[in-house]
Amino acid sequence: LAKARPSAPRTVFVNFVDTEDEHFAAVEAACAVLREAGLDPVPHVPASRVKNAAVKRLRALRDAGAASALIIAGNDWTDICARV
């Protein structure tokens, strides 16, 4: 019966909500911990928040164990409201 039961999903999405370096470091650390636990971390990366540091940050996430990422290409709501 245990062999017939489907295994739990291994993918864990990691939310990336802030532009501060400390927050990025926390996302990177979370990816490393999840990978070490045998899970597949997938960080959400809002393109509008990483801008010039995108390549550097994506490489750091890869090095932390993220084999893929969900790249979100939208405008940040706070930025939109500030321009109105």
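These numbers were taken from a predicted model, which means no experiment stands behind them. (Residues numbered from 1 in each chain as written. Predicted model: local features only at pLDDT ≥ 70, side-chain atom pairs only at ≥ 80, totals over all residues. Heavy atoms only, no water.)

Asks: Please provide a residue-by-residue account of the overall build of the protein chain, values included.
Replies: On a plain count of helices and strands, the protein chain comes out with four helices and three strands. When its helices and strands are written in sequence order, the protein chain yields β-α-β-α-α-β-α. Expressed as a percentage of its 84 residues, the buried residues of the protein chain come to 24%. Sequence separation of at least 24 residues holds for 74% of the intrachain contacts in the protein chain that already meet a minimum separation of 6. (Helix = DSSP H or I, 4+ residues; strand = E, 2+ residues; numbered from the N terminus. Buried < 20%, exposed > 50% of the residue type's maximum accessible area, 1.4 Å probe, protein only. Contact = heavy atoms within 4.5 Å.)

Asks: How would you summarise the sheet that holds strand S2 (residues 40–46) if you had to cite specific residues and measurements?
Replies: Strand order in this open sheet of three strands is S1-S2-S3, and the pairing throughout is parallel. Two strands bound the open sheet, and with one partner strand each, they are strand S1 (11–14) and strand S3 (70–72). Sheet twist, expressed as the mean angle between neighbouring strand axes with direction ignored, is 20°. Docked against the sheet, helix H1 (residues 21–36) engages S1 and S2, running at close to 160° with respect to S2. (Pairing = 2+ DSSP bridges. Axes fitted to C-alpha atoms, helices over the stretch in contact; angles between N-to-C directions.)

Asks: If you had to explain H1 to someone new, which residues and values would you point to?
Replies: Between its first and last C-alpha, H1 extends 23 Å over 16 residues, near the 22 Å set by a 1.5 Å rise per residue. Buried within H1 are the following residues: Phe24, Val27, Cys31 and Leu34. Seen along its axis, H1 keeps its buried residues to an arc of 85°; they face one direction. Those residues of H1 that are exposed and aimed more than 90 degrees away from the buried face are Asp21, Glu22, Val33 and Glu36. Lining the buried residues of H1 we find S1, S2 and helix H3 (54–63). Once H1 finishes, Gly38 follows within two positions and takes phi at roughly 85°, a positive value. (Expected span 1.5 Å × (residues − 1). Arc of directions from axis to C-beta.)

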